[in-house]
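What the coordinates show
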Amino acid sequence: MNLKNIETRKIISSCIFLLSAAVGIFGFWSIATRFEMQSWSFIASLLLVAIPYLFLGIYHQLESETKRAFLAVLFGAVLSSMIVLPIYMPEVVDLRQWDISATIPNYFFYSLVLVISGVISGYLSFRPFYDYTKEGIQVGAYYILHVTMLLTVLALFLIVITISLRGASGISWEFLTRDIVSMGEEGGVYPAILGTLALIGLTAIIVLPLGVGTAVYLVEYATEGPLLRVVRTAINILQGTPSIVHGLFGYTFFVIILFDGQKSVLAGALTLAVLTLPIVTRSTEESLKSVPDEMRNASLALGATKWETIKEIVIPSSLPGILTGTVLGLGRAAGETAPIMMTAVYFSGAGTPTGLLEPIQALPYHLLTLYRFFGYRNVESQAWATALLLLIIVLGINLSAIIVREKFRRRN
Amino acid sequence: MLSKVISKLKENKSCETKKMPDNVRMQIENLNMWYGNEQALKTIDLNIEENKVTAIIGPSGCGKSSLLRCLNRMNDTIKSARIEGKVWLDGKNIYDGAANCVDIRRKVGMVFQEPNPFPFSIEDNVFYGCDINGMDVDKDATVERCLKDAALWDEVKDRLDDNAVSLSGGQQQRLCIARALATKPEVLLMDEPASALDPIATAKIEDLIDELKKDYTVVIVTHNMQQAARISDYTAYMYLGKLIEFGETEQIFERPEKELTEKYITGRMG
Amino acid sequence: MISRDVKNQMARYTFLGIAIFSISIIFLIFIFLFNEAYPAIESLGTDLLSSDWGTRRGQYGLLAAIYGSVLVAVGALVVAVPLGLGASIYLSEIAPDRLRAILKPSIELLAGIPSIVYGFVGAVLLGSFLYRTFGMKSPHSFLAAMIILGIMALPIIVSMSDDALKAVPDDVKDASLALGATKWQTIRKVTIPSAISGISSAVIMGMGRAIGETMAVMLIVGSVMRIPIPFFDIFEGGNTLTALIAVQIGEAHGLLMSVLFTAGVMLFTIVAIMSIVSDILQKRTTEKFEGKI
Ligand SMILES: Nc1ncnc2c1ncn2[C@@H]1O[C@H](COP(=O)(O)OP(=O)(O)O)[C@@H](O)[C@H]1O
Ligand SMILES: [Mg+2]
């Protein structure tokens, strides 16, 4: 075999890489499925783990890198002997003897060795191909980065896909348009949809003038100084404040003090407005600031008053930004449970909302209620469908905001 | 990615070589370059002489920087850029499939228009090239040598640990020169190195270039004709992507052969 | 007809009024929280920091919940930081433009998945998977919460570190390439060190998200007011400040309510410190390059 031939080298490297990938993926798969070991699978995985390193060793040797060849084979031998370890282990390793409340099944170690072995031989597979230069290291590093990206995307999309698969069958016209019947076991989620829409709508009506007005004042009128800095910091902190704290505030301030202990859609919307106020204010500020001063000056120079300039020039040209921020804030509000749990929703009985001071049902809270009935009532398919519906609504709202933003970005 | 590497390694053993004339460090042969569909360089032929300063002048946008970036394959980092032709260094074509552009960039140093120090210590800035290229040299000695060569040593010798960003613009640019010298490049490319500096800092850089040509081959891009006349041995005049005239600096500025060149140096062209 | 000048003045005062109103609400929240928390702090003092919790007995030690919050957040970072940093480096430095144009918005979009949905999936699927795999006492565990919170923190960490890495000017990267560095060497030795404060800011924000998370944690971690023994036993369940508030608020009044407000103030203080530090760090990335010329 002529290793100076680049095609040959490419084939060897790719083969080792593919083998390694197979080993790693098999390892992951065996963790996920809680793989039952059998004698054939042991022998197969023993080979599977050993072969890439054996190949790597031969490869190095042919390239006259004796030391590397030796190391590769040695490493492969150690890893593949670890594959055998679980046979000599008890079926489960009992950590309870050290007070840790878990037992690790022996196949778990086996799977772990597979994953680690696959990643490492994959990392090494292209080194000889690149003549052991720093480009080879780069390829290895890029490979690891690809894996992290893949895992990130996988983790996030897996959640979306799982919900879609399990929830899709439960979504029907009935589900969307019927009342909640017998604790959600039957019927639909119509009142919850309406309740969520009412909450978002009211929140928008309350927060939009407040948030945009505040931002306009801060950017267009207020003079920079220590006071403004304090205000900005306060807004920042409020934005990072956990939503349960908003719930706590909303419950005591709006429900107990303002509405005499009565939960209502208005109290919920007020709480959500407090929650989204910093988001709307900050994003409006950002987009107002991005309007160049020349435009303001040009308008003022034409004899327009400050108010006319703001109304005719500044707000229209920052509208996409304001819109994006507001809609993202509302998307967040639509999915929140903690702040409305104590302010707006009832566990059962709430029908379609009739007045501002009536409690309602909302999708996030309905999902929580259904989860609480798991194992007691037959609510599973309804719960997954509710989760999917909530996901669609929230991601739909966010998607529209992101589309507006990207369009606007491209235009500039 | 993989296919690129493969094509690079494919011609590994059949690397093209040629005998270059004496005293010529780099030879540009029939070089064309495009950004997308826009042709930025049109059939350039040029010889860069050893231990001489070669200046490239011409109006803004004529392709000076593009040409310079062809000499160390920095244009590879621009996705839309496409190059045809050959550039010879040490008898090897740097655009040969087998050529290793990382290696080329070590041999051909570059100083950019705006000073661009790394945001870490002065010492680490200078030593960076040696570090990443795994050169087995003494750090302190290298730093001292390069900073002295770049006429910066006296100003910073007591604060080598300071962040390079805290230096003045002129000092930063000399630091960038020092940084480029650390890997002992054969050729030093400079793209309007003084355009962002005040007159005093500019004068220092010009003196420095004069010193540097004892040990290095320098190619400098400038839109300042006085500067080219002051410091260069050879001058190339470019216009709209073409090399209009090339010759000894004195000849170019006193007896230009081409009308276009004369128009430019006498300021009769916008 | 109102004259233009009057309109101008009216607009000014309207905006001033709105701004004063919103800002006073913001400060009202702060004051209100501290005010409601005060009775508990006054009457319980350092007992609030003990590990003894029993509402019937009048014991309100929050230590278990504080410990749980910190444990879960740190665990979430162990999951999220390696993945998130790798992904953000991939996204900002390696990904082809087209892939990046799809991936970045998708990840930002997924940042919006509601926490109740994460909690639901985590409790139903992950909790029971770990329960069966590791033979734990119950499906509620810190481990499951760490994994789910780690995934929840991923989008924010990826997106913010990507911004930080993108903020490193190209000419500095070019300088490194021109010295003969490979792209990976440039990333490792120039881009990442230059963006390090922005990256830390991303990590802090991710941690803030994990500490403040309520619904997901409440469903996954259980609500046992107990520090696991030994303290690193992440296979046990426990409680966090957020879950504690969410679970107790329904029946709370009097002193317990005030204790919950104290928990709220603690959360809020932790997150406030984090967001201030994060903000400062974020500004530093850009300032690092502003000393130029
Ligand atoms: N990255 C790039 N992408 C596309 N076009 C470019 C790029 N860089 C330069 N150009 C174009 O190539 C031409 C030559 O540019 P340049 O070499 O920078 O000129 P000079 O340095 O002489 O001012 C110009 O028309 C410029 O617009
Ligand atoms: Mg230029």
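What counts, and at which threshold
Residues numbered from 1 in each chain as written. Chains lettered and ligands numbered in written order. Predicted model: local features only at pLDDT ≥ 70, side-chain atom pairs only at ≥ 80, totals over all residues. Heavy atoms only, no water. Helix = DSSP H or I, 4+ residues; strand = E, 2+ residues; numbered from the N terminus. Buried < 20%, exposed > 50% of the residue type's maximum accessible area, 1.4 Å probe, protein only. Contact = heavy atoms within 4.5 Å. Areas by Shrake-Rupley, 256 points an atom, 1.4 Å probe, with all protein chains shown as cover. Phe/Tyr/Trp six-rings, centres within 6.5 Å; stacked < 30°, edge-to-face > 60°. Near = heavy atom within 4 Å. Polar contact = N/O pair within 3.5 Å; in protein donor to acceptor, adjacent residues only side chain to side chain. Nonpolar A, V, L, I, M, F, W, Y, C, P; charged D, E, K, R; others polar. Pairing = 2+ DSSP bridges. Patch = residues over 30% accessible without salt bridge, like charges linked within 9 Å, V, L, I, M, F, W, Y side chains within 5 Å. Salt bridge = Lys/Arg side-chain N within 4 Å of Asp/Glu carboxyl O. 1 Å grid on protein atoms, 1.4 Å probe; cavity = no way out; pocket = protein on both sides within 12 Å on 5 of 7 lines; lining within 4 Å. Points joined across faces, edges and corners; volume = space filled by probe spheres on them. Axes fitted to C-alpha atoms, helices over the stretch in contact; angles between N-to-C directions. Parallel < 35°, antiparallel > 145°, perpendicular 65-115°, else oblique. Left-handed = near helix turned anticlockwise from the far one by under 90°. Domains from an automatic or database assignment. Buried area = accessible area lost by both parts, 1.4 Å probe. Core = buried A, V, L, I, M, F, W, Y, C linked by side-chain atoms within 4.5 Å. pLDDT = per-residue confidence, 0-100.

Attention now moves to the overall build of chain C. When you go through chain C residue by residue, the secondary structure sums to 11 helices and two strands. Reading chain C from its N terminus to its C terminus gives the helix and strand order α-β-β-α-α-α-α-α-α-α-α-α-α. Across its three principal axes, chain C shows a C-alpha extent of roughly 75 × 70 × 35 Å. A total of 293 residues make up chain C; the buried ones form 60% of that total. A separation of at least 24 residues holds for 76% of the contacts in chain C among residues at least 6 apart in sequence. When the accessible area of chain C is evaluated, it comes to approximately 11,200 Å², of which 66% is carbon and sulfur surface.

Inspection of every chain in the model, using the stated rule, returns 23 aromatic pairs over all chains. Taking 5.2 Å as the distance between ring centres and 10 degrees as the angle between the ring planes, the aromatic pair formed by F249(A) and F253(A) counts as stacked. Taken together, the residues F249(A) and F253(A), both in helix 9 (residues 243-258) and four residues apart, mark about one turn of the helix. Both residues of the pair, F249(A) and F253(A), belong to the buried class. A centroid spacing of 5.9 Å and a plane angle of 25 degrees characterise the contact between Y234(B) and F246(B), whose relative ring orientation is stacked.

The next subject is the site of ligand 1. All names here are of chain B. All residues adjacent to ligand 1 are Y35, A40, S60, G61, C62, G63, K64, S65, S66 and I78. Residue Y35 places a side-chain N or O atom 3.5 Å away from a nitrogen atom belonging to ligand 1. At a separation of 3.1 Å, an oxygen atom of ligand 1 approaches a polar backbone atom of G63. Calculation on ligand 1 without its partners gives an accessible area of 560 Å², and the protein chains cover 58% of this total. Top element by residues in the shell around ligand 1 is helix 2 (residues 64-70). It accounts for three residues. Here the shell around ligand 1 is built from residues that sort into four nonpolar, five polar and one charged.

All names here are of chain B. Note: strand 9 (residues 234-239) against strand 10 (residues 242-248), six bridges, orientation antiparallel. When the sheet's bridge partners are listed, T235 is paired in strand 10 with G247. Between strand 9 and strand 10, which pair antiparallel one after the other, the connecting turn spans two residues, and L240 there sits at a positive phi close to 50 degrees.

Further remarks concern a nonpolar patch on the surface. The grouping of F70(A), L71(A), L74(A), V78(A), M82(A) and L85(A) at the surface amounts to a nonpolar patch, some 560 Å² of accessible area in total. Mapped onto the secondary structure, L85(A) falls in helix 3 (residues 66-88).

So, about unusual backbone geometry. With phi around 60 degrees, D260(A) is a residue other than glycine that occupies positive phi space. Examined against the element boundaries, D260(A) turns out to sit in the loop between helix 9 and helix 10 (265-289). Despite not being glycine, K184(B) shows a phi value in the positive range, around 50 degrees. Tracing the backbone through its elements, the reader meets K184(B) in the loop between helix 7 (169-181) and strand 7 (187-191).

All names here are of chain A. Within the structure shown, the criterion is met by two cavities of 30 Å³ or more. Here the largest cavity is characterised by a volume of approximately 40 Å³. Forming the walls of the largest cavity are T196, L199, I200, L272, A333, A334, E336, I340, A362 and P364. The dominant element in the lining of the largest cavity, judged by the number of residues it contributes, is helix 7 (residues 190-221), at three residues. Of the residues in the lining of the largest cavity, the class split is eight nonpolar, one polar and one charged. As a volume, the second largest cavity reaches approximately 30 Å³.

Where helix 5 (residues 134-168) of chain A contacts helix 3 (residues 97-110) of chain C, the axes come no closer than 11 Å and their chain directions differ by 45 degrees. Classed by the angle they form, the pair helix 5 of chain A and helix 3 of chain C counts as oblique. The handedness of the crossing between helix 5 of chain A and helix 3 of chain C comes out as left-handed. Along its contact with helix 5 of chain A, which presents M149(A), V153(A), L156(A), F157(A) and V160(A), the element helix 3 of chain C presents L103(C), S106(C), I107(C) and L110(C). Tallied by class, the residues present in the contact of helix 5 of chain A with helix 3 of chain C amount to eight nonpolar, one polar and no charged.

Moving on, we come to the packing of helix 7 of chain A against helix 10 of chain A. All names here are of chain A. Helix 10 packs onto helix 7 with a crossing angle of 35 degrees between their chain directions and a minimal axis gap of 6 Å. By crossing handedness, the relation of helix 7 to helix 10 is classed as right-handed. Residue composition of the contact of helix 7 with helix 10, by class: 20 nonpolar, seven polar and three charged.

Turning our attention to the domain arrangement of chain A. Residues and elements named next belong to chain A. Domain boundaries assigned for chain A yield domain 1 (3-168) and domain 2 (175-411). A C-alpha centroid distance of 46 Å is found between domain 1 and domain 2. Tallying the contact residues gives six residues for domain 1 and five residues for domain 2. Of the roughly 550 Å² buried between domain 1 and domain 2 on both sides combined, carbon and sulfur atoms contribute 85%. Of all residues in domain 1, I163, R166 and G167 bury the most surface against domain 2, accounting for 72% of the area lost on that side.

Right, let's get into the nonpolar core. Judged by nonpolar contacts, the single largest core of 177 residues is most densely connected at I163(A), L199(A), L62(C), Y118(C), F120(C), F134(C) and F235(C). The dominant element in this core, judged by the number of residues it contributes, is helix 7 of chain A, at 15 residues.

A separate point is the interface of chain C and chain A. Each side of the interface is counted separately: chain C has 92 residues, and chain A has 95 residues. Here chain C and chain A share one salt bridge between them. A salt bridge links R405(A) to E108(C), with the shortest nitrogen-to-oxygen separation between them at 2.8 Å. If you look at where chain C meets chain A, you find eight residue pairs in polar contact (both at pLDDT 80 or more). Broken down by class, the residue content of the side of chain C that touches chain A amounts to 64 nonpolar, 17 polar and 11 charged.

This part is about the confidence of the model for chain C. Overall, the prediction assigns chain C a mean pLDDT of 85, with 96% of residues at 70 or greater. Scored by ipTM, the complex comes to 0.86, with pTM at 0.84.

Opposite charge on two side chains allows them to pair when their charged atoms are near. Here the structure, examined in full by the defined rule, presents 32 salt bridges over all chains. The closest approach of N and O atoms between K311(A) and E312(A), which form a salt bridge, is 3.9 Å. The class for E312(A) is exposed, based on a relative accessible area of 52%. With its nearest N and O atoms 3.6 Å apart, the salt bridge here joins E108(C) to K104(C). Placement of the pair is E108(C) and K104(C) together in helix 3, with a separation of four residues, close to one helical turn. For K104(C), a relative accessible area of 13% corresponds to the buried category. Residues participating in the shared-partner salt-bridge network are R405(A), R100(C), K104(C), E108(C), D162(C) and D163(C).

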